[in-house]
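Next come the chains, spelled out residue by residue.
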Amino acid sequence: MLTMKAGKVSFEESIAEAVIKTGKCVGCGTCVLVCPFSCLEYGEERPNLVKECKVCGICAQACPQYDFPLSKIENFVFGRERKPDEAFGIYRRLALARATDKQILEKCQDGGAVTTLLLFALRNGIIDGAIVAKSEREKPFYPHPTLATTTDNILQAAGTKYFYSPNILAIAKALEQKIGKVAFVGTPCQIRAVRKMQFAGLKKYVTPLKFLIGLACSECFIYDGLMKQHIIGKLGVDPNCIKKVNIKGKMLLTLESETVAIPLTEAKQYARKNCRLCEDFSSELADISVGGLGLEGWTFVIIRTGQGEELFSNAEKAGAIITKEASAETNALNLLTKLSGKKRTAAKEVAK
Ligand SMILES: Cc1cc2nc3c(=O)[nH]c(=O)nc-3n(C[C@H](O)[C@H](O)[C@H](O)COP(=O)(O)OP(=O)(O)OC[C@H]3O[C@@H](n4cnc5c(N)ncnc54)[C@H](O)[C@@H]3O)c2cc1C
């Protein structure tokens with residue numbers, strides 16, 4: 001299925017040369033996950049070659065930033081390629097969703113659609129666990145790839161951490177623990193990585209993944225810059241006092257009794273450079289994509305595949321989420337179209 005370019009080629013010739021050297025590596029960790037000889041280790045948001053490469057070529061087959069055959073993968077996932085007017089990828093239905101469970105609403109980022117779908121799937125035996133991003137009190141909002149197998153763990157991982165979490169690495173935990181049915185939550189680059197592994201037939205890693213929830217993502221930020229230098233250093237805000245970080249035109253830090261706003265132009269100086277080469281805003285290859293898109297208390301949901309549609313409509317029928325037509329929020333829909341185009345154009349410019 002794969003092109004010759006991604007055949008038996010060494011890590012040095014493929015990923016090191018064409019992805020890392022060119023600044024295209026998103027740090028997803030897929031190459032580290034699939035290397036059958038453990039030649040790669042993950043550190044400083046990138047793969048590091050720690051043993052002589054055995055030239056099996058598997059890392060290049062899996063890397064979403066190396067020779068990514070988008071139209072073939074669209075055909076593989078959706079049975080067709082996108083049409084030129086499908087600005088944010090192929091979909092079946094658009095909706096606004098909000099959790100009905102108060103506990104979820106207290107912890108989630110927007111409308112809690114992601115956490116609700118994960119808990120609905122867990123309670124109904126569709127999954128035995130979910131790959132999510134959790135942070136600890138010692139380093140608030142710094143995400144760790146986590147395999148959550150209980151209601152509590154999924155709930156604890158709710159909410160957005162605007163820093164990079166290589167969730168792909170937690171697939172190894174699912175394999176180790178022999179968890180057979182797993183949901184995957186990730187950023188667009190990670191959804192592309194999973195689809196490339198599926199397309200390449202790397203069954204061992206993808207068989208447990210039952211559905212993919214893709215987050216909309218403009219970019220991730222650098223923790224040392226945004227959190228340490230700016231929020232703690234310049235603004236004097238203790239991260240343990242921050243209840244929530246959200247972006248709604250500005251970056252908003254919700255504290256106990258006030259909200260601190262950081263203009264996006266200021267926050268963006270701490271954006272990860274490698275995100276500038278990513279052209280996918282809305283996780284265009286996920287089963288279900290989600291974003292906040294300026295909404296308050298609702299998640300904008302893009303249902304893309306039949307699998308995604310079945311899960312979403314069952315959660316809706318069971319009353320786990322309430323929904324509204326997306327057409328009720330033209331601003332969000334316009335923003336989705338605008339940000340999708342902007343990210344694609346910007347990535348092409350940077351790649352020139
Ligand atoms: C880095 C980042 C940038 C984003 N940028 C935008 C944007 O520009 N525009 C927009 O509309 N939406 C953006 N989003 C998506 C948005 O913040 C919400 O995640 C989305 O609306 C779902 O809300 P929810 O209440 O349904 O999710 P919740 O129910 O709160 O669930 C969120 C899920 O995402 C997981 N998660 C949190 N942080 C990460 C992370 N860093 N990596 C992987 N998984 C994570 C959590 O573990 C949880 O399972 C971004 C998300 C991230 C992580």
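Residues numbered from 1 in each chain as written. Predicted model: local features only at pLDDT ≥ 70, side-chain atom pairs only at ≥ 80, totals over all residues. Heavy atoms only, no water.

## Considerations on the domain arrangement of the protein chain
Quick reminder of the rule: Where each domain starts and ends follows an automatic or database-derived domain assignment. Contacts are assigned to residue pairs with any non-hydrogen atoms lying within 4.5 Å of each other. Buried area: the accessible surface (1.4 Å probe) lost by two parts on joining, summed over both. The salt bridge definition used is simple: a Lys or Arg side-chain nitrogen within 4 Å of an Asp or Glu carboxyl oxygen. Counting of polar contacts relies on pairs of N or O atoms within 3.5 Å, with two restrictions inside protein: one atom must be capable of donating a hydrogen and the other of accepting it, and residues adjacent in sequence are counted only when both atoms are side-chain atoms. By the criteria applied, helices consist of DSSP H or I runs no shorter than four residues and strands consist of E runs no shorter than two, each listed in order from the N terminus. Under the convention adopted here, Pro, Cys and the residues Ala, Val, Leu, Ile, Met, Phe, Trp and Tyr are nonpolar, Asp, Glu, Lys and Arg are charged, and Gly plus all remaining residues are polar.
Taken as a whole, the protein chain is organised into domain 1 (4-62), domain 2 (70-220 + 272-351) and domain 3 (223-269). Measuring from the centre of the C-alpha atoms in domain 1 to the corresponding centre in domain 2 gives 25 Å. With 18 residues of domain 1 at the interface, the matching set in domain 2 holds 17 residues. Interface area, domain 1 with domain 2, both sides summed: about 1500 Å², of which 63% is carbon and sulfur. When residues of domain 1 are sorted by the area they lose upon contact with domain 2, Val26, Leu33 and Glu45 head the list and together hold 37% of the total. Between Arg272 and Glu45 there is a salt bridge, with the nearest N and O atoms lying 2.8 Å from each other. In this assembly, domain 1 and domain 2 are joined by five residue pairs in polar contact (both at pLDDT 80 or more). Among the secondary structure elements, those contributing two or more residues to the side of domain 1 that touches domain 2 are α2 (30-34) and α3 (58-62). Each residue belonging to the side of domain 1 that touches domain 2 can be placed in one class, and the counts come to 10 nonpolar, six polar and two charged.

## Notes on the sheet that holds strand β13 (residues 321-325)
This is how it is decided: When DSSP finds two or more bridges between a pair of strands, those strands are recorded as paired. To obtain each axis, a line is fitted to C-alpha atoms, and for helices this fit is confined to the stretch in contact; angles are then taken between N-to-C directions over 0 to 180 degrees.
Spatial strand order, β5-β4-β6-β7-β11-β12-β3-β13: eight strands in an open sheet with mixed pairing. The two strands at the open ends of the sheet, each matched to only one other strand, are β5 (139-148) and β13. Strand-to-strand twist of the sheet, defined as the mean angle between neighbouring strand axes without regard to direction, takes the value 30°. Of the strand pairs in this sheet, strand β4 (residues 129-136) and β5 are connected by six bridges, and their pairing is antiparallel.

## Points about the packing of aromatic side chains
To keep things clear, this is the line we draw: The pairing test for Phe, Tyr and Trp rings, Trp by its six-membered ring, is centres within 6.5 Å, and the orientation test on the planes gives stacked under 30 degrees, edge-to-face over 60, and tilted for anything in between. Think of it in three bands: with a 1.4 Å probe and only protein chains considered, a residue is buried below 20% of the maximum accessible area for its type, exposed above 50%, and partly exposed in between. In our convention, an over-ring charge means Lys NZ or Arg CZ found within 6 Å of a ring centre and within 35 degrees of that ring's normal.
Throughout the structure, instances matching the rule amount to four aromatic pairs. Pairing Phe76 with Phe199 gives two aromatic rings, centres 5.7 Å apart and planes at 75°, and the pair type is edge-to-face. Placement of Phe76 in helix α4 (residues 70-78) and of Phe199 in helix α9 (residues 188-199) is noted, with a sequence separation of 123 residues between them. Exposure remark for Phe199: the relative accessible area of 5% places this residue in the buried category. Considering the side-chain rings of Phe88 and Tyr91, the 5.3 Å spacing of their centres and the 15° angle between planes classify their relative orientation as stacked. Lying over the aromatic face of Tyr223, Lys139 brings its terminal NZ or CZ to 4.9 Å of the ring centre. When the ring centre of Trp298 is taken as reference, the NZ or CZ atom of Lys324 above it lies at 4.5 Å.

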